[in-house]
Amino acid sequence: MCGLCGCESHLHGPDHDHDHGPSSHRHVKVERSLLEVNDQRARALVQRLEALGVEAIGLLGGAGSGKTTLLEATLARLGDVAREAVVEGDCATDLDAQRIAARGVRVVQVTTGALCHLDAALVEGSLAALDLRGVARLWIENVGNLVCPAAFACGESRRAVVVSVAEGDDKPLKYPALFATADVLVISKLDLLPYTDFVVERCIAHARAARPGLRALPLSARSGEGMEAWLEWVEKRA
Amino acid sequence: MHEAKLCLSLLDLAERALRAEGGQRIHALSVEVGTLSGVAPEALEAAFPICARGTPAHGARLRIERTEGRELLLRDMEVS
């Protein structure tokens, strides 16, 4: 509210000159989120998937954090791959989709071009090319990016944010917005720990500053360490 | 960077609110940008005049208010 004239407008600060424009101008209160179009579409997508008996899990993290390798190792450990399906988001190529398809898992690649993140409309559109019959879990691997995907829900019910030992334990401190949306923190490439200055506890503390109480799962898709706890989270066994 | 896309969402919201009011033109808009929203106010300011070209918000003044949270809101407008 304008402190000088008491008008409801946020359009001017306390030092404004009281020029509210010509008297024909009027003030309109809107108070709506710029993200609501995507948010509404994402909520509708969650409901549509739930009605099909499908839960979507978002995999997010920087480029090279090990999202696809984690997904491959996860699919290899889950019993029935016919119950899994994958949406792969990348700026270019279908290399990730090829890796997933090689495991006999249904997958669709979304190539975003210059776009830095997936959104609900992109995921919704991609599902036309994906047969979800018999599928219980849809993996949505976002474009490798610690910034932009934070604000755009994609139809996932839960979000796993992946940060690798190789990236450094300060990433949650530098990119808090994404970690604030996480339902679980995955610390990947744990087998590289001896070769870095990464401190697992420090990384977890930084992530919890963005999201208090966030569950953290350090693991190595390569060695298998920590994978059981991750699978428990995926399958909601713990 | 996705500020141009968000700018189009902003204009979409603004034009719908304008139509609901029976207005013709948007002269000013006030937007709240939270620090955790992932949006750079500078990029929004740069994209706005370009995205607004040819719309009822052509030439409108954009005022951005920074807050601490994740909000990204069109708060209010001055219209005629």
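Look up a bit, the structure's there.
This write-up is about the structure you can find in this document. Treat the numbers as computed from the prediction; the structure is a model and nothing was measured.

## Describing the environment of T111 of chain A
Residue and element names in this part refer to chain A.
Okay, so step 1: Summarising the element assignment, T111 is placed in strand β4 (residues 106–111).
Okay, so step 2: Separated by 20 residues in sequence, T111 and C91 place their C-alpha atoms 5.2 Å apart.
Okay, so step 3: Setting aside its immediate chain neighbours within four residues, T111 contacts D90, C91, A92 and T93.

## Notes on the pairing of strand β2 (residues 55–61) of chain A
All names here are of chain A.
Okay, so step 1: Burial of β2 is extensive: seven of the seven residues sit out of reach of the surface.
Okay, so step 2: The two faces of β2 match: E55, I57, L59 and G61 on one face and A56, G58 and L60 on the other face are all buried.
Okay, so step 3: Inspection of the sheet shows β2 paired to strand β5 (residues 137–141) by five bridges, in the parallel sense. Within the sheet, the bridge partner assigned to G58 lies in β5 and is I140.
Okay, so step 4: Sheet topology note: the β2/strand β6 (residues 158–164) ladder contains five bridges and is parallel. Pairing of G58 across the sheet is with R159, part of β6.

## A few points about the packing of aromatic side chains
Okay, so step 1: Counted according to the given criterion, the structure contains two aromatic pairs over all chains.
Okay, so step 2: Look at W139 of chain A and W230 of chain A: their rings are 6.1 Å apart centre to centre, the planes differ by 45 degrees, and that puts the pair in the tilted class. On the criterion of sequence distance, the pair formed by W139 of chain A in strand β5 and W230 of chain A in helix α8 (residues 227–234) is long-range, its members being 91 residues apart.
Okay, so step 3: W139 of chain A sits in the buried class, given a relative accessible area of 0%.
Okay, so step 4: With centroids separated by 5.5 Å and ring planes inclined at 15 degrees, the aromatic side chains of W230 of chain A and W233 of chain A adopt a geometry described as stacked. With W230 of chain A and W233 of chain A both in helix α8 and three residues apart, this pair spans about one turn of that helix. A single burial state applies to W230 of chain A and to W233 of chain A, both of which are buried.
Okay, so step 5: The ring of W233 of chain A is capped by R158 of chain A, whose NZ or CZ atom sits 4.2 Å from the centre of that ring.
Okay, so step 6: Seen from the ring of F152 of chain A, K5 of chain B lies directly overhead, with NZ or CZ sitting 5.6 Å from the centre.

## Focus: the sheet that holds β5 of chain A
All names here are of chain A.
Okay, so step 1: Read from one edge of the open sheet, seven strands run β4-β3-β5-β2-β6-β7-β8, paired in parallel fashion. Edge positions in the sheet fall to β4 and β8 (215–218), since each of these pairs with one other strand and no more. Neighbour-to-neighbour, the strand axes of the sheet open up by a mean angle of 20 degrees, direction not taken into account.
Okay, so step 2: In terms of strand pairing, strand β3 (residues 84–90) meets β4 through six bridges, oriented parallel. Residue pairing for β4: V87 is matched across the bridge by V108.
Okay, so step 3: Here helix α7 (residues 200–210) sits on the sheet and contacts β6, β7 (184–188) and β8; the angle it forms with β7, its principal contact strand, is near 150 degrees.

## What about helix α2 (residues 67–77) of chain A?
Okay, so step 1: Burial of α2 of chain A is extensive: eight of the 11 residues sit out of reach of the surface.
Okay, so step 2: Of all the residues in α2 of chain A, the buried ones are K67, T68, L70, L71, E72, A73, T74 and L75 of chain A.

Definitions and cut-offs
Residues numbered from 1 in each chain as written. Chains lettered and ligands numbered in written order. Predicted model: local features only at pLDDT ≥ 70, side-chain atom pairs only at ≥ 80, totals over all residues. Heavy atoms only, no water. Helix = DSSP H or I, 4+ residues; strand = E, 2+ residues; numbered from the N terminus. Contact = heavy atoms within 4.5 Å. Buried < 20%, exposed > 50% of the residue type's maximum accessible area, 1.4 Å probe, protein only. Pairing = 2+ DSSP bridges. Phe/Tyr/Trp six-rings, centres within 6.5 Å; stacked < 30°, edge-to-face > 60°. Lys NZ or Arg CZ within 6 Å of the ring centre and 35° of its normal. Axes fitted to C-alpha atoms, helices over the stretch in contact; angles between N-to-C directions.

Any link to function would need more than the numbers given here.
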